Amino acid sequence: MPRCPGPGPAWKTRLCRGPPPWLWPLKRPRHSFPALAAWWGQNLPLVTVVLSPFSPCLSWKRMAGIFFLPFISSGFAPRFKQEENFMLGRAHPSPPRVSAVPPSPLPNPLSLSTFFPSPAPSRFNWSHLTPLELKNRSVGLGTESTGRGKPHFTLEGHKFLIFGGSIHYFRVPREYWRDRLLKLKACGFNTVTTYVPWNLHEPERGKFDFSGNLDLEAFVLMAAEIGLWVILRPGPYICSEMDLGGLPSWLLQDPRLLLRTTNKSFIEAVEKYFDHLIPRVIPLQYRQGGPVIAVQVENEYGSFNKDKTYMPYLHKALLRRGIVELLLTSDGEKHVLSGHTKGVLAAINLQKLHQDTFNQLHKVQVFLDETMIGILNENNKDLHIPELRDCRYLRILVENQGRVNFSWQIQNEQKGITGSVSINNSSLEGFTIYSLEMKMSFFERLRSATWKPVPDSHQGPAFYRGTLKAGPSPKDTFLSLLNWNYGFVFINGRNLGRYWNIGPQKTLFLPGVWLHPEDNEVILFEKMMNGSDIKSTDKPTL
């Protein structure tokens, strides 16, 4: 039977959003590029065109090719006059969508559609240009032009075509890395690209984590073992639909710090982060025998563009630490020149971008002693408090529902009680404030709390604990919490994500590799009113 302690005093939470992403279905493009190799679904945020490093304008004649999230090439491949020269490889086609159902661990038929060029002349044979086959290395990824408006990539002096897609190591259980990389390879790709999230690698100032699911080096080396080249996007800002665009939120504790500028406080934090990150990348570079053929400088800075000296600073910071492979920037078509920096390959995102927005970035529950008296949010900032006849405890629970990840608004994304709290225009002071970060260490302390039997109905925030029994070889499954209201689920200390009875998602993906044979600890943090049943199912409701 689940048990729960009663609600505590002032609480706030910092939690990750949603399940890890899986491979997106590919679809046939409506564009007329002559030798289109592959196309991801429309909902992916980026499609990029690469220009020569010193292109003064957005001239189609100066494009070196199209690549990046996904990598799509036209200028590098042999030109074909008719569409019949493409061969369609297809299994179970479906319209583009995000699926929380992970593909099976073995390479069964995938819900993917892709286009491959017909057999090309021998000069376009790139089979020997793989991390395992290419032993003698002296010239990394570069660009050349025939002088007739046909620029192309080269690798070790050979014409090279980049077929790439993204797998973010920090969003996929480590035990599934090999499976996902093999699936990417099986689709015909030769390159994987990934962001590097600063906020996860330095969750607290000065405390760095490159272990477990954040073991960047292990992921990159595994990609090389499988035969994939790697393009890294280390930020420091990455966007990636992450809280604050991947910047650690503790940066906002300093009111003088200006994000994504050469502000002294921000630069000092970036320098310390790069001092830990870049030495890990150096031996993974192409010319060191590794698979990293390119590194991106920041991400889409042209749309931010607050400091003209910022991008040149980052460029030099990477070079100074020993990055020798091809450097590139990535920006929208209207911002490519303002985001580009001299000596770095410019890339254009052709597909329309969207930014995460949240209707309610704070959600506040107010309690008198143990009784909830109302909810505050950005649209309702006042609350009636009943007449008090004696001394009472005012308790406020603030939920951080996420920070915007794009635009200049990231500068003002402090969370918690960021202003005054008053009753009848009288400011209240002397609050004891603490956070519930809900990490592994937090749950270790929580287990020593005094747990109580669960009543039939309990209103207000509380933790609930139960046991999920699994067989000797646990498989991937989904959790259904149909009669619960709003909260978060943790299995053996791992955050599965947020549930909410208004939907649209009714189930949460639970990787089988996170389960133990026999007993597994389930902890729910329910904010409104408890339910009674938690069920596992092999069919998701999304």
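The numbering scheme is per chain: residues are counted from 1 as the chain's sequence reads. Residues qualify for local features only when their pLDDT is at least 70, as the model is predicted, and side-chain atom pairs are given and counted only at 80 or more; totals for whole chains, interfaces and linings, by contrast, use all residues. Calculated side-chain values reflect all of the structure's heavy atoms, with hydrogen atoms and water omitted.

## Observations regarding the overall build of the chain
Then comes step 1: In this description a helix means any DSSP run of H or I spanning at least four residues, a strand means any run of E spanning at least two, and both kinds are numbered starting from the N terminus. When helices and strands are counted, the chain shows seven helices and 29 strands.
Then comes step 2: Counting only residues that meet the buried cut, the chain has 53% of its 542 residues in that class.
Then comes step 3: Carbon together with sulfur atoms contributes 52% to the accessible area of the chain, which is approximately 25,900 Å² in total. Only protein chains enter the area calculation, which uses a 1.4 Å probe; residues under 20% of their type maximum are buried, those over 50% are exposed, and those in between are partly exposed. Note that accessible areas follow from Shrake-Rupley with a 1.4 Å probe, and for residues the cover is restricted to the protein chains shown.

## Some points on the packing of helix 4 (residues 264-281) against helix 5 (residues 310-320)
Then comes step 1: Look at helix 4 against helix 5: their axes get within 11 Å of each other, and the N-to-C directions meet at 30°. Judged by the inter-axis angle, helix 4 sits roughly parallel to helix 5. Where helix 4 crosses over helix 5, the handedness of that crossing is right-handed. Between helix 4, through F266, I267, V270, E271, F274 and I278, and helix 5, the contact on the second element is made entirely by Y310, Y313, L314, A317, L318 and R320. Working convention: axes come from line fits to C-alpha atoms, limited for helices to the stretch in contact. Angles between N-to-C directions cover 0 to 180 degrees. Oblique is the label for any angle not under 35 degrees, not over 145, and not in the 65 to 115 range, which are roughly parallel, roughly antiparallel and roughly perpendicular in turn. Handedness of a helix crossing follows the sense of rotation of the near helix relative to the far helix, less than a right angle counterclockwise being left-handed and clockwise being right-handed. Whether two residues touch is decided by their heavy atoms; if any such pair falls within 4.5 Å, the residues are in contact.

## Quick notes on the sheet that holds strand 7 (residues 141-145)
Then comes step 1: Strands pair, by our definition, only if DSSP identifies at least two bridges between them. The antiparallel open sheet is built from three strands, whose spatial order is 7-8-9. Of all the strands in the sheet, the pair left with one neighbour each is strand 7 and strand 9 (158-160). Across the sheet, the axes of successive neighbouring strands diverge by a mean angle of 50°, strand direction being ignored.

## Things to note about helix 3 (residues 216-226)
Then comes step 1: Within helix 3, eight of the 11 residues are buried, which leaves it mostly tucked inside the rest of the structure.
Then comes step 2: Of all the positions in helix 3, only L216, A218, F219, V220, M222, A223, A224 and I226 are classed as buried.
Then comes step 3: Buried positions along helix 3 lie against helix 1 (177-186), strand 11 (191-195), strand 12 (229-233), helix 4 and strand 13 (292-296).
Then comes step 4: Directly after helix 3, the chain includes G227, whose backbone phi takes a positive value near 105°.

## Re the packing of aromatic side chains
Then comes step 1: In summary, the pairing rule links any two rings of Phe, Tyr or Trp, Trp by its six-membered ring, whose centres are within 6.5 Å, and it sorts them by plane angle into stacked for under 30 degrees, edge-to-face for over 60 and tilted for everything else. Within this structure, the stated rule accounts for 20 aromatic pairs.
Then comes step 2: With centroids separated by 5.6 Å and ring planes inclined at 50°, the aromatic side chains of W229 and Y286 adopt a geometry described as tilted. On the criterion of sequence distance, the pair formed by W229 in strand 12 and Y286 in the loop between helix 4 and strand 13 is long-range, its members being 57 residues apart.
Then comes step 3: Plain terms: the ring middles of Y273 and F274 are 5.9 Å apart, the flat faces sit at 40° to each other, and that makes the pair tilted.
Then comes step 4: Taken together, the ring pairs in this structure connect W198, W250, F266, Y273, F274, Y301, F304 and Y310 into an aromatic cluster.
Then comes step 5: Two limits define a charge over a ring: the Lys NZ or Arg CZ must be within 6 Å of the ring centre, and within 35 degrees of the ring normal. It is R395 that lies over the ring of Y393; its NZ or CZ is 5.8 Å from the centre.
Then comes step 6: Here R465 stacks its cationic end above the ring of W451, 4.5 Å away from the centre of that ring.

## Overview of the nonpolar core
Then comes step 1: Put simply, a nonpolar core is a bunch of buried Ala, Val, Leu, Ile, Met, Phe, Trp, Tyr and Cys residues held in one set by side-chain atoms that sit within 4.5 Å of each other. In this structure, L181, V192, W198, L247, L251 and F266 are the most contacted members of the largest nonpolar core, which totals 67 residues.
Then comes step 2: Among the elements that take part in this core, helix 4 stands out by supplying nine residues, more than any other.
Then comes step 3: When residues no more than four places from it in sequence are discounted, the contact partners of W198 are P236, G246, L247, P248, W250, L251, F266, A269, V270 and Y273.
Then comes step 4: In terms of nonpolar packing, the next biggest core, distinct from the first, is built from 16 residues, A462, L481, W484 and L524 among them.

## Observations concerning helix 5
An α-helical turn contains 3.6 residues, so any two residues separated by three or four positions project in the same direction.
Then comes step 1: Listing the buried residues of helix 5 in full gives Y310, M311, Y313, L314, H315, A317 and L318.
Then comes step 2: The elements touched by buried residues of helix 5 are helix 4, strand 13, strand 14 (326-328) and helix 6 (336-339).
Then comes step 3: The positive-phi residue at the C-terminal boundary of helix 5 is G322, with phi of around 105°.

## Focus: the environment of L182
Then comes step 1: By the secondary structure assignment, L182 is in helix 1.
Then comes step 2: Residues L182 and A223 lie 41 residues apart in sequence; the distance between their C-alpha atoms is 8.7 Å.

## A few points about the sheet that holds strand 29 (residues 535-537)
Then comes step 1: Read from one edge of the open sheet, three strands run 27-24-29, paired in antiparallel fashion. Sheet topology places strand 27 (507-510) and strand 29 at the edges, where each strand pairs with a single neighbour. Averaged over all pairs of adjacent strands, the angle between strand axes in this sheet comes to 35°, irrespective of strand direction.
Then comes step 2: As defined by bridge partners, strand 24 (residues 477-480) adjoins strand 27 across four bridges and the pair is classed as antiparallel. Following the sheet pairing, F478 is matched in strand 27 by F509.

## A short note on unusual backbone geometry
Then comes step 1: Residue G235 is joined to P236 through a cis peptide bond whose omega torsion reads 20°.
Then comes step 2: With omega at 5°, the peptide bond leading from G503 into P504 counts as cis.
Then comes step 3: When you line up the elements, P504 lands in the loop between strand 26 (494-500) and strand 27.
Then comes step 4: A positive phi angle, close to 55°, is found at E300, a residue other than glycine.
Then comes step 5: Along the chain, E300 falls in the loop between strand 13 and helix 5.

## Describing the side chain of S240
Then comes step 1: Along the chain, S240 turns up in the loop between strand 12 and helix 4.
Then comes step 2: Setting aside residues up to four positions removed in sequence, S240 forms contacts with H168, F170, R171, Y195 and N405.

## Focus: the confidence of the model for the chain
Then comes step 1: Scored by pLDDT, the chain comes out at a mean of 75, with 72% of its residues at no less than 70.
Then comes step 2: As a per-residue quantity, pLDDT reports the predictor's confidence and falls between 0 and 100. Below a pLDDT of 50 lies the segment residues 1-123, which in the model reaches 342 contacts outside its immediate sequence neighbourhood of four places, other chains included.
Then comes step 3: Here residues 352-361 is modelled with pLDDT under 50, and outside its nearest four sequence neighbours on either side it reaches 29 contacts, counting other chains as well.

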